[in-house]
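# Architecture and fold: a report
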Amino acid sequence: MSRRNKPPKRIPEQDPVYNSQDVAKFINRLMRRGKKSIAQKIFYSAMEIVKEKTKEDPMEVFQKALKNIIPLVEVKAKRIGGSTYQVPTEVRPDRGMALGSTWIIDIAKSKAGKPMEEKLASEILSASNGEGAAVKKREDTHKMAEANKAFAHYR
């Protein structure tokens with residue numbers, strides 16, 4: 001990689017249904033082995049399930065779920081003088097979006113028994129209500145950062 005300058009940030013095109021870059025990024029993270037059409041079917045089916053269950057605009061529920069999950073601080077390991085410290089750092093908005101959507105997808109994948117559309121829809125619904133495993137993961141991240149606040153000066 002070049003040390004001179006940073007490569008330009010690539011921004012995916014907006015998705016065709018909701019015209020949102022957040023949805024396009026989420027679908028790209030959901031995608032496995034380059035099969036984008038399958039990832040789109042899963043996401044849009046999950047949004048239909050959300051719409052049936054809540055009788056609200058599924059895009060608002062999705063945005064609320066992401067807002068409840070995106071962490072504000074995280075810990076990064078930093079090696080200083082032979083020992084490694086967990087240093088709390090603030091999370092940039094694009095990194096927070098990446099973490100939050102990855103947490104939702106991983107938790108939905110880890111559940112067993114139901115089709116992926118239903119698992120994803122239930123995780124989005126629980127996250128929009130401020131509960132569920134993804135929200136717990138965010139709280140754990142914040143607790144870890146709070147516990148290691150003493151090492152913040154190593155930032």
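Right above here is the structure, for reference.
Residues numbered from 1 in each chain as written. Predicted model: local features only at pLDDT ≥ 70, side-chain atom pairs only at ≥ 80, totals over all residues. Heavy atoms only, no water.

### Points about the overall build of the protein
Looking only at helices and strands, the protein has six helices and two strands in total. For the protein, the α and β elements follow one another from N to C terminus as α-α-α-β-β-α-α-α. Each principal axis of the C-alpha distribution contributes one length, and for the protein these read about 55 × 40 × 25 Å. When the 155 residues of the protein are sorted by exposure, 37% land in the buried category. Sequence separation of 24 or more characterises 60% of the internal contacts of the protein that already satisfy a separation of 6 or more. Accessible surface, the protein: about 10,100 Å² in total, of which carbon and sulfur atoms supply 50%. A gap of 9 Å separates the mean positions of the 32 positive and 19 negative side-chain charges of the protein. (Helix = DSSP H or I, 4+ residues; strand = E, 2+ residues; numbered from the N terminus. Buried < 20%, exposed > 50% of the residue type's maximum accessible area, 1.4 Å probe, protein only. Contact = heavy atoms within 4.5 Å. Areas by Shrake-Rupley, 256 points an atom, 1.4 Å probe, with all protein chains shown as cover. Lys, Arg positive; Asp, Glu negative; His and termini not counted. Charge placed at Lys NZ, Arg CZ, Asp CG, Glu CD.)

### Focus: the pattern of salt bridges
Taken as a whole and judged by the stated rule, the model has seven salt bridges. Where D140 meets K136, a salt bridge forms, and the shortest distance between an N and an O atom there is 3.3 Å. With D140 and K136 both in helix α6 (residues 133-147), this residue pair falls four residues apart, about one helical turn. Residue class for D140 comes out partly exposed when judged on its relative accessible area of 35%. One salt-bridge network, held together by shared partners, links K9, R92 and D94. (Salt bridge = Lys/Arg side-chain N within 4 Å of Asp/Glu carboxyl O.)

### Describing the pairing of strand β2 (residues 83-90)
Judged from the eight bridges that link them, strand β1 (residues 73-80) and β2 form a sheet pairing that is antiparallel. Within the sheet, the bridge partner assigned to I80 lies in β2 and is S83. The loop that links β1 with its antiparallel partner β2 comprises two residues; one of these, G81, has a positive phi angle of about 60°. (Pairing = 2+ DSSP bridges.)

### So, unusual backbone geometry
Even without a glycine there, the phi angle at R33 is positive, about 55°. Among the secondary structure elements, R33 is positioned in the loop between α1 (21-30) and α2 (36-54). For R33, a relative accessible area of 84% puts it in the exposed group. Phi at K55 is positive, roughly 60°, even though this residue is not glycine. Mapped onto the elements, K55 comes out in the loop between α2 and α3 (58-69).

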